[in-house]
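What the coordinates show
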Amino acid sequence: MIEIKNIHKTFGKQKVLDGVNIFAHQGSSTALIGTSGGGKSVILKILLGLIEPDEGEVFIDKVKVSHREPGRTLSRIGMLFQGSALFDSLPVWQNICFKFLKGTEKLSSKDAKELAIQNLEKVGLNYKVANKFPADLSGGMKKRVALARAIVGNPKIILFDEPTTGLDPIMTNTINSLIREIVETMDVTTLTITHDISSVQQISDNVALLDSGRIRWEGKSKELKGSKDPYVFQFINGKHNGPINVN
Amino acid sequence: MKVLRNLGQCVNCFLNKIGKVTDFIISIFLNLVTPPIYGREILKAFYQIGWMSLPVLGLTALFTGGALALQIYAGGSRFNAEQVVPAIVAIGMARELGPVLGGLIVAARVASSIAAEIGTMKVTEQLDALTTLSTNPIKYLVVPRVLAATLSLPALIAIGDSIGILGGYLVGINRLDFSSSTYLASTASMLQISDIFSGIIKGVFFGFIIALSGCFNGFYASNGAEGVGKATKSAVVAACVFILATNYILTEAFFNS
Ligand SMILES: Nc1ncnc2c1ncn2[C@@H]1O[C@H](COP(=O)(O)OP(=O)(O)O)[C@@H](O)[C@H]1O
Ligand SMILES: [Mg+2]
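A few points on the structure. (Residues numbered from 1 in each chain as written. Chains lettered and ligands numbered in written order. Predicted model: local features only at pLDDT ≥ 70, side-chain atom pairs only at ≥ 80, totals over all residues. Heavy atoms only, no water.)

**Concerning the packing of aromatic side chains**
- Summed over all chains, the structure comprises 10 aromatic pairs over all chains.
- Ring centres 5.4 Å apart and planes at 85° place the aromatic pair F98(A) and Y140(B) in the edge-to-face group. Here Y140(B) lies in helix α6 (residues 137–174) and F98(A) lies in helix α4 (residues 98–101), a pairing that spans two chains. Each member of the pair, F98(A) as well as Y140(B), carries the same accessibility label: buried.
- Between F29(B) and F208(B), the aromatic rings sit 6.0 Å apart at their centres with planes inclined by 25°, giving stacked as the arrangement. A residue pair is termed long-range when its members are at least 10 positions apart, and F29(B) in helix α1 (residues 2–33) and F208(B) in helix α8 (residues 193–219) qualify at 179 residues.
- A cation over a ring is seen here: R149(A) above F87(A), with NZ or CZ 5.0 Å from the ring centre. (Phe/Tyr/Trp six-rings, centres within 6.5 Å; stacked < 30°, edge-to-face > 60°. Helix = DSSP H or I, 4+ residues; strand = E, 2+ residues; numbered from the N terminus. Buried < 20%, exposed > 50% of the residue type's maximum accessible area, 1.4 Å probe, protein only. Lys NZ or Arg CZ within 6 Å of the ring centre and 35° of its normal.)

Given below as structure tokens:
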């Protein structure tokens, strides 16, 4: 369960979040859409405890997220970063099982490697990828390895930051199907940032639209296309004129 | 008015930076003494920072020692004091040139590579990823590098001193007309333990400065390739300036005592 209550965040003079509220109950899937630079990634970083909000509170399964001690809630969360954020200096299997090799819950190298290979298979990658380094992988493979890293150890909450941005339509579909499968089989709460309107229905049941620091519309993914809401209408039709300020 | 305001901003910015660096140093020391310890990362850092610096440091010392012998000979011959060459080469290398040139050359090699590596990790969100995977980036990335640089540099400087003295010796017996035995005897009789120790103690400080500068600038790199470039440049410049300033302060302290 994710509770985001009245979050405000300003960087220097730039007000990025201006009272954001998001509630996602256990087992739900939510897509977060909005213009680039609108503060979507900042919301995820606040959920992770990486950025401290100026005002407001965030709870993960009723536990308050603390910037000073993010460890308490982080162990429940899997995160897929926008740019994959794989560690260049480590082979794929060590990337996937990093938290079991260096973190608090330890596994032997042999067990960790086995676990990594199991998770590689879940994202449709061959065991041979396990010994490669991130620099030797294509963008789509990196995303899938990052996906494997996000789901390893069965976290209760998974956050996806633009999982398909920059990928070709076939790879986009592959990743979206994987996310759908995770949503359906893992009993997790997911929050996915995306620009891709056509993916929304595939990857989540609920949608929230962020603009100018606030959630302007919330609803079911099915209702998105038919919505008369001016924000939604402008966003999904890519119009220049409307309540969303584009410049 | 405008000048005053700009000056005020500069002072403010400077104080802000000092605060950040102080926080950074405090968190390094806190993480140094609390578990877990990443042994493999520490070994890797010793290999990359200490061992891999040997070739460039050795060459620097060798050429410096050789050039120093020629210069001292030229200077010494003006008042018939050519025989001071071995002593001055040894004392000059151990007290000043070994530590300072060693520090600067290692700063160029190591501070830059640390800043570029950590800076790239910062801008590609790898530092954030470390935190989300329950690993403290200060403990995992910074502590090993600080330990390795602080402990390797004294050793590197001791080795550099010896190679520099060897450079002077080679020039002395081949280009100038010293006999091998006179040169060695003169070196041994003039060089004191305190000369060597003062240089080695400087190395501890220089090593810490190099790693701190690389790590701090990498950690606070701003976004994009440009941010990493700036961080790398700042790391090298800051390390060099602070090495030279610290060198003066330490020399003053050793000289008075
Ligand atoms: N750590 C930070 N420091 C300063 N500004 C930031 C930081 N993180 C994000 N921002 C700014 O906040 C705004 C929103 O960024 P982001 O959340 O990445 O947007 P997006 O919705 O595309 O994910 C951007 O203008 C960005 O420059
Ligand atoms: Mg983003």
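**Observations regarding the interface of chain A and chain B**
- Every contact between the two is made by 19 residues of chain A and, on the other side, 16 residues of chain B.
- For the pair chain A and chain B, the two sides together bury roughly 1600 Å², of which 61% comes from carbon and sulfur.
- Here K45(A) and E125(B) are joined by a salt bridge, their closest N and O atoms 2.9 Å apart.
- Across the contact surface, chain A and chain B share five residue pairs in polar contact (both at pLDDT 80 or more).
- Looking at the side of chain A that touches chain B, the elements that each hand over two or more residues are α1 (40–48) and α4 of chain A.
- In terms of residue class, the side of chain A that touches chain B is built from 10 nonpolar, four polar and five charged. (Contact = heavy atoms within 4.5 Å. Buried area = accessible area lost by both parts, 1.4 Å probe. Salt bridge = Lys/Arg side-chain N within 4 Å of Asp/Glu carboxyl O. Polar contact = N/O pair within 3.5 Å; in protein donor to acceptor, adjacent residues only side chain to side chain. Nonpolar A, V, L, I, M, F, W, Y, C, P; charged D, E, K, R; others polar.)

**Section: the pairing of strand β2 (residues 14–24) of chain A**
All names here are of chain A.
- With eight bridges connecting them, strand β1 (residues 2–11) and β2 associate as antiparallel partners. Counterpart to H8 in the pairing with β2 is D18.
- Taking the residues that link successive antiparallel strands as the turn, the β1-β2 hairpin has two residues, and the phi of G12 there is positive, at about 60°. (Pairing = 2+ DSSP bridges.)

**Describing the side chain of S84(A)**
Residue and element names in this part refer to chain A.
- Along the chain, S84 turns up in the loop between β6 (77–80) and α3 (92–96).
- Exposure remark for S84: the relative accessible area of 4% places this residue in the buried category.
- Not counting residues within four places of it along the chain, the set of residues in contact with S84 comprises K142, K143, A146 and R149.

**Comments concerning the site of ligand 1**
Residue and element names in this part refer to chain A.
- Near ligand 1, the surroundings consist of F11, Q14, V16, T35, S36, G37, G38, G39, K40, S41 and V42.
- One nitrogen or oxygen atom from the main chain of G39 is found 3.0 Å from an oxygen atom belonging to ligand 1.
- The backbone of K40 places a nitrogen or oxygen atom 2.8 Å from an oxygen atom of ligand 1.
- In isolation ligand 1 offers 570 Å² of accessible surface; the protein chains occlude 61% of this area.
- Contributions of two or more residues to the shell around ligand 1 are made by β2 and α1.
- If you tally residues by element for the shell around ligand 1, the top one is α1, at three residues. (Near = heavy atom within 4 Å. Areas by Shrake-Rupley, 256 points an atom, 1.4 Å probe, with all protein chains shown as cover.)

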